[in-house]
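Listed below, chain by chain, are the residues.
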Amino acid sequence: QVQLVESGGGLVQAGGSLRLSCAASGRTFSTYTMAWFRQAPEKEREFVAAISWTGGRTRDADSVKGRFTISRDNAKNTVYLQMNSLKPEDTAVYSCAARSGNLPRTMEKDYDYWGPGTQVTVSS
């Protein structure tokens, strides 16, 4: 069982940066694959990025490659999403997710635990 809480969302101009954090509870955090998903108004939730237990393997959606970086600090029970060169189309609620496996999967159904989400708004 993992409890997740996101933070770091806000309003930023196009081209700017934000760093999202996801604080996790539970002694087994380091054994969970972590991911970020997002959902824009009137759109389905989509995969953003995922990171394996050790942080050695990551996966990123094509739409964010070269701009977003996922990382984790197991000592702090925290996963991050550094977002650079933000675009208006990045506007969405960003949610942190966890699964008890070592594969950084990309589908919503593969994740068992979810945070409440944090709003990111990018103005043009």
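The structure reproduced in this document is the subject of the present report. (Residues numbered from 1 in each chain as written. Predicted model: local features only at pLDDT ≥ 70, side-chain atom pairs only at ≥ 80, totals over all residues. Heavy atoms only, no water.)

Notes on the side chain of Ser21
- You can see Ser21 is positioned in strand β3 (residues 18–25).
- Look past the residues within four positions of Ser21 in its chain and what remains in contact with it is Val5, Glu6, Ser7, Trp36, Thr78, Val79 and Tyr80. (Helix = DSSP H or I, 4+ residues; strand = E, 2+ residues; numbered from the N terminus. Contact = heavy atoms within 4.5 Å.)

Some words on the nonpolar core
- The biggest cluster of nonpolar side chains holds 35 residues, and the ones touching the most others in it are Met34, Trp36, Leu81, Met83 and Tyr94.
- Elements with a contribution of two residues or more to this core: β3, β4 (33–39), β5 (46–51), β7 (68–73), β8 (78–83), β9 (92–99) and β11 (118–123). (Core = buried A, V, L, I, M, F, W, Y, C linked by side-chain atoms within 4.5 Å. Buried < 20%, exposed > 50% of the residue type's maximum accessible area, 1.4 Å probe, protein only.)

Considerations on the sheet that holds β3
- A sheet is described by the order of its strands in space; here 4 strands give the open sequence β1-β3-β8-β7, paired in antiparallel fashion. Strands with a single pairing partner mark the edges of an open sheet, and in this sheet they are β1 (3–7) and β7. Taken pair by pair, the neighbouring strands of this sheet meet at an average axis angle of 15 degrees, ignoring direction.
- Sheet topology note: the β7/β8 ladder contains 6 bridges and is antiparallel. Along β8, the bridge assignment pairs Arg72 with Val79. (Pairing = 2+ DSSP bridges. Axes fitted to C-alpha atoms, helices over the stretch in contact; angles between N-to-C directions.)

Describing the pairing of β5
- Counting buried residues in β5 gives 5 out of 6 residues, a clear majority hidden from the surface.
- Of the strand pairs in this sheet, β4 and β5 are connected by 5 bridges, and their pairing is antiparallel. By the bridge assignment for β5, Ala35 is matched with Ala50.
- Turn length for the β4-β5 hairpin, with the two strands adjacent in sequence and antiparallel, is 6 residues, and the turn residue Glu42 shows positive phi of about 60 degrees.
- Where β5 meets strand β6 (residues 58–60), 3 bridges bridge the pair, whose relative direction is antiparallel.

Overview of the packing of aromatic side chains
- This model, assessed by the stated rule, comprises 4 aromatic pairs.
- Aromatic side chains Phe37 and Tyr111 sit 5.4 Å apart centroid to centroid with 75 degrees between the ring planes, which places their arrangement in the edge-to-face category. Of the two residues, Phe37 is situated in strand β4 and Tyr111 in the loop between β9 and β10 (113–114); the sequence distance between them amounts to 74 residues. By the burial criterion, Phe37 is buried, and Tyr111 matches it.
- Taken together, the ring pairs connect Phe37, Phe47, Tyr111 and Trp114 into an aromatic cluster. (Phe/Tyr/Trp six-rings, centres within 6.5 Å; stacked < 30°, edge-to-face > 60°.)

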